[in-house]
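The primary structure of each chain is shown beneath.
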Amino acid sequence: MVALAMIGKPCLAVYRPSPWALAHATFYGDETASETLGGACGYGNLFNNGYGTDTAALSTTLFNNGFACGTCYQIKCVQSKWCYPTVKFTTVTATNLCPPNWSEDSNNGGWCNPPRVHFDMSKPAFMKIAQWKAGIVPVMYRRVPCVTKGGLRFQFQGNGYWLLVYVMNVGGGGDIANMWVKGSKTGWISMSHNWGASYQAFATLRGQSLSFKITSYTTKETIICWNVAPANWNLGLTYSTNVNFH
């Protein structure tokens, strides 16, 4: 089935870059970025799901209880001898949380302690803007539209009475505020935010084709994706659409 969309106020909802602001960046893991797989947003295997190695974990201040999952940032190294002077910036997607470390001073190891604004980047992403030996560098950052290939993707988990949906490949602002599901035999059912990029509905929806309605956290734009999954849908599978935010 092809998922079609109805879009509200498209002329007003295009996401625009934010102003540049100051933060700091570190990295975690090694050159393979294998330690970035999984993560608090629930995107699982970032390579298989289209996020690659250009990712970052956000400090609590930026993470916004998971509502910042999927947001995109341009980051440029500044005011450090370790910066690559010819590199203007690199772009990353938020896929994880950098939790506080209250056993360390916020200016000496506790880089992600609130209220610090901090990016803990994958090592490959960090190495695009600075030499890894630096460990930590000052950066300028700004939110930018997420440029995606293809439409929204929905990965199903849960059981017969509980549908847990991870929403991936979100364009535009990259984030989600609200979500609803509709079976072919039901009206719209409001889904609650579980954690990260996942939303849940406590409903029996087996044997029904499923449609989804999503509102962007940043732009408030709403998209309806009709007939995303056929009536014989299964848990553990990912269903793609041809519509997205911009």
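A few points on the structure.

About the cut-offs
- Residues numbered from 1 in each chain as written.
- Predicted model: local features only at pLDDT ≥ 70, side-chain atom pairs only at ≥ 80, totals over all residues.
- Heavy atoms only, no water.
- Buried < 20%, exposed > 50% of the residue type's maximum accessible area, 1.4 Å probe, protein only.
- Helix = DSSP H or I, 4+ residues; strand = E, 2+ residues; numbered from the N terminus.
- Pairing = 2+ DSSP bridges.
- 1 Å grid on protein atoms, 1.4 Å probe; cavity = no way out; pocket = protein on both sides within 12 Å on 5 of 7 lines; lining within 4 Å.
- Points joined across faces, edges and corners; volume = space filled by probe spheres on them.
- Nonpolar A, V, L, I, M, F, W, Y, C, P; charged D, E, K, R; others polar.
- Axes fitted to C-alpha atoms, helices over the stretch in contact; angles between N-to-C directions.

## Overview of the pairing of strand β3 (residues 72-77)
Okay, step 1: β3 sits mainly inside the fold: five of its six residues count as buried.
Okay, step 2: Relative to strand β4 (residues 90-98), β3 is paired through four bridges, and the arrangement is antiparallel. Considered in β4, the bridge of tyrosine 73 is made with valine 92.
Okay, step 3: Two elements, β3 and strand β6 (residues 137-144), share six bridges in a ladder whose sense is antiparallel. Directly across from tyrosine 73, in β6, lies its bridge partner arginine 143.

## Digging into the layout of surface pockets
Okay, step 1: Taken as a whole, the largest pocket encloses approximately 440 Å³ of empty space.
Okay, step 2: In this structure, the largest pocket is lined by 19 residues; those nearest its centre are Gly50, Tyr51, Thr93, Val147 and Thr148.
Okay, step 3: Residue contributions to the lining of the largest pocket peak at three residues, all from β4.
Okay, step 4: Residue composition of the lining of the largest pocket, by class: eight nonpolar, eight polar and three charged.

## Observations concerning the sheet that holds β3
Okay, step 1: If you walk around this closed barrel you meet the six strands as β1-β5-β2-β4-β3-β6, and the pairing is mixed. Taking the axes of each pair of neighbouring strands and ignoring which way they run, one obtains an average angle of 45 degrees across the sheet.
Okay, step 2: Pairing analysis gives five bridges linking strand β1 (residues 21-28) to β6, with the strands arranged antiparallel. Note on β6: the bridge partner recorded for histidine 24 is proline 138.

## Remarks on the sheet that holds strand β8 (residues 162-168)
Okay, step 1: Strand order in the open sheet made by the eight strands is β13-β12-β9-β10-β11-β8-β7-β14, with antiparallel pairing throughout. In this open sheet, the two strands that pair with only one neighbour each are β13 (222-229) and β14 (238-240). The sheet shows a mean angle of 30 degrees between the axes of neighbouring strands, direction not considered.
Okay, step 2: Relative to strand β11 (residues 198-201), β8 runs antiparallel, the two being bridged by four bridges. Opposite leucine 164, over in β11, you have glutamine 200 as the bridge partner.

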